[in-house]
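Coordinates in review
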Amino acid sequence: MIRDYFLYPGRGLRVAMATPAMGRRRTASCLRTAVFLFLVTFVWLQLHVASLSGSRQVPGSETPEGNDSTAAILSMVPQVLHKFLTPKPRNNSHALGGSNASDSGSAAQSGASGRGALNISDIRRNIERYNDLQQVLNEELFGPVQNDSLIIVVQVHTRIIYLRHLIVSLAQARDIDNVLLVFSHDYYDEEINELVQSVDFCKVMQIFYPYSIQTHPREFPGESPGDCPRNIKKEQAKEMLCNNALYPDLYGHYREAKFTQTKHHWWWKANRVFNQLEVTRNHTGMVLFLEEDHFVAEDFIHVLRLMERTCHTSCDRCNILSLGTYLKTYNYYGDSKKKEAQKALKRHQSFSPGSIPPSWSFQILPTLYQHYQKAEVTPWISSKHNMGMAFNRSTWQDIRHCAEFFCTYDDYNWDWSLQHISQGCLNHKLYAMVMKGPRVFHIGECGVHHKKANCESTAVISKVQQVLKYASKHLYPNYLTLTVTNTNKKQKLRKGNGGWGDLRDHQLCINMTRVGR
């Protein structure tokens, strides 16, 4: 017999005797209710899981729409530093450039300020004034530059968006207040100047490359109307009597100013910092070279100092320190074999909140920092070790003595030219100490060689922020373990990439070394 219990309002609990027909109807009703509740619960769980999956974003994976937005990136930056990322409203009449801006060949993709009143003569006068003044900003707050102070030199063109993020990353670095930060510009822009001069966390200096395309738009070293077109044949060039008809590069092409400028600028700023500034006259410490589209980890100064000390004790031949690498993809499982990695991948398909599945393909993966104390000693290779590289005056003097090797090598890349020096001129070749876990990242989506539809993308910046967030517990190592790469293999002298056959480029470059204080 079936008993049903009913609770009547105000009457307490009553027991009712049920007939078989009543029981069947009640059972069917209960089943329908149970099925309905199951369906509702199932749908709710699916929606909840989807919501969790969307919010638990994997570092470096394809981010959902908005996850690499300005708001998302700002959320990972301390509020006090937002000022460096937020452009000030500007009146275009006070900004740089006029028609001259287009002559630089890159203003349209720069993200720099609007165009305005300054003409070429004004810009030249301002550049000369800055270079003559050699003013060190914030010196009264942080004290004078010491002989062993770290000097960081940033090569700046026009990509102000990336420069903003580099400055934010520098601001968060430990011991940045002891640094002299030198910004070397090949493009004069008031908005960029305001940004640089707003840096308040260390000593700052600006230097300006005086032979830029911007300041020489219709004459060498810019594009002169009398120059030979790039692809014209040498015999045709002779008939045209164009300026550089006798000096095509080794591939038969004539110079393009937009490519030659980068090598000129790099060589000029190195000579300027080591040999022409009064503030560095007696400097014997490290000089670190960065570019506007780099991003640094908060412990990069700590690591650089640690590398420097390790050189003195364990690697006499190391004369370049490299904080960045160009690994396209680093296996999440470090040095494990492929099969082991695949097995581990299956084990980690379901991951707990806060863990990182090994599924993304950004250049540097978070667990690379499990090798946080490891560094490699290897012959310096231009394509691998040119990012975040540092050396001292002793190494520079060796390089400078090979100025003609650098300046006459038919390659428009400064790093390939430095490689040429190492292989063919230096008594002591360039040897690098390279961190396994990089402290300098490349965040630029576009450059000299590559252009994309969106050159101001912040997706890579977001990924780098996530890498450093998840790698934070591995930063600030106490010591380094060195791995020495086999160096017995003799390297063959490489044929240059061309673009540097014009004798005027050779002479301009060599003259930069002859100019002293």
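Residues numbered from 1 in each chain as written. Predicted model: local features only at pLDDT ≥ 70, side-chain atom pairs only at ≥ 80, totals over all residues. Heavy atoms only, no water.

**With respect to the packing of aromatic side chains**
Here the structure, examined in full by the defined rule, presents 15 aromatic pairs. On the basis of an interplanar angle of 40° and a centroid distance of 5.0 Å, the ring pair of Y130 and F208 is categorised as tilted. Placement of Y130 in helix α4 (residues 120-133) and of F208 in strand β5 (residues 203-208) is noted, with a sequence separation of 78 residues between them. Judged by relative accessible area, Y130 falls into the buried class, the value being 17%. Through pairs of rings, three or more aromatic residues link up here, namely W266, W267, F274, F289, F391, W396, F406 and W414. Above the plane of the ring of Y476 lies R174, whose end atom (NZ or CZ) is 3.9 Å from the centre. Here the basic side chain of R317 rests over the ring of Y431, its NZ or CZ set 4.6 Å away from the ring centre. (Phe/Tyr/Trp six-rings, centres within 6.5 Å; stacked < 30°, edge-to-face > 60°. Helix = DSSP H or I, 4+ residues; strand = E, 2+ residues; numbered from the N terminus. Buried < 20%, exposed > 50% of the residue type's maximum accessible area, 1.4 Å probe, protein only. Lys NZ or Arg CZ within 6 Å of the ring centre and 35° of its normal.)

**Points about the confidence of the model for the protein chain**
For the protein chain, the average pLDDT comes to 79, and 70% of its residues sit at 70 or higher. This stretch, residues 1-18, has a pLDDT under 50; its non-local contacts, to residues over four places away or in other chains, come to 23 contacts. (pLDDT = per-residue confidence, 0-100. Contact = heavy atoms within 4.5 Å.)

**Regarding the packing of helix α9 (residues 257-275) against helix α15 (residues 414-424)**
Each pair of packed helices can be described by the angle between their axes along with the distance between the axes. Between α9 and α15, the shortest axis-to-axis distance is 9 Å and the interhelical angle comes to 60°. Between α9 and α15, the interaxial angle falls into the category oblique. Taken together, the residues of α15 that come into contact with α9 (itself represented by T262, K263 and W266) are W414, S417 and L418. (Axes fitted to C-alpha atoms, helices over the stretch in contact; angles between N-to-C directions. Parallel < 35°, antiparallel > 145°, perpendicular 65-115°, else oblique.)

**Concerning the state of the cysteines**
Tallying each qualifying case throughout the model produces four disulfides. Between C315 and C318 runs a disulfide, and the two sulfur atoms are separated by 1.9 Å. Every disulfide takes its handedness from the sign of the S-S torsion; for C315 and C318 that torsion is 70°, giving right-handed. In this structure, C315 and C318 share a single accessibility class: buried. One disulfide in the model links C407 with C509; its S-S distance is 2.1 Å. (Disulfide = S-S within 2.5 Å.)

**Examining the nonpolar core**
Among the nonpolar cores identified, the biggest contains 50 residues, and I152, L170, I176, F201 and F300 are the most heavily contacted of them. Residue assignment for this core shows that the elements contributing at least two residues are β3 (151-156), α6 (160-171), β4 (180-185), α7 (190-197), β6 (287-291), α10 (300-314), β9 (374-379) and β11 (431-435). Ranked by size, the runner-up nonpolar core spans 41 residues in total, among them V273, F289, C402 and I421. (Core = buried A, V, L, I, M, F, W, Y, C linked by side-chain atoms within 4.5 Å.)

**So, unusual backbone geometry**
Residue F220 is joined to P221 through a cis peptide bond whose omega torsion reads 10°. Although it is not a glycine, D175 sits at a positive phi angle of roughly 70°. Within the secondary structure, D175 sits in the loop between α6 and β4. By relative accessible area, D175 is classed as partly exposed at 37%.

**As for the packing of α9 against helix α13 (residues 393-400)**
Remark: α9 packs on α13, axes separated minimally by 11 Å, with the N-to-C direction vectors making an angle of 130°. With respect to their mutual orientation, α9 and α13 come out oblique. The two elements α9 and α13 cross, and the hand of that crossing is left-handed. Of the residues in α13, those in contact with W267, A270, N271, F274 and N275 of α9 are R393, W396, I399 and R400. Tallied by class, residues from the contact of α9 with α13 come to five nonpolar, two polar and two charged. (Left-handed = near helix turned anticlockwise from the far one by under 90°. Nonpolar A, V, L, I, M, F, W, Y, C, P; charged D, E, K, R; others polar.)

**Observations concerning a nonpolar patch on the surface**
A contiguous nonpolar surface patch, about 260 Å² in accessible area, is contributed by L246, Y247 and L503. In this structure, L246 sits in the loop between α8 (234-240) and α9. Since its relative accessible area comes to 48%, L246 is described here as partly exposed. (Patch = residues over 30% accessible without salt bridge, like charges linked within 9 Å, V, L, I, M, F, W, Y side chains within 5 Å. Areas by Shrake-Rupley, 256 points an atom, 1.4 Å probe, with all protein chains shown as cover. Salt bridge = Lys/Arg side-chain N within 4 Å of Asp/Glu carboxyl O.)

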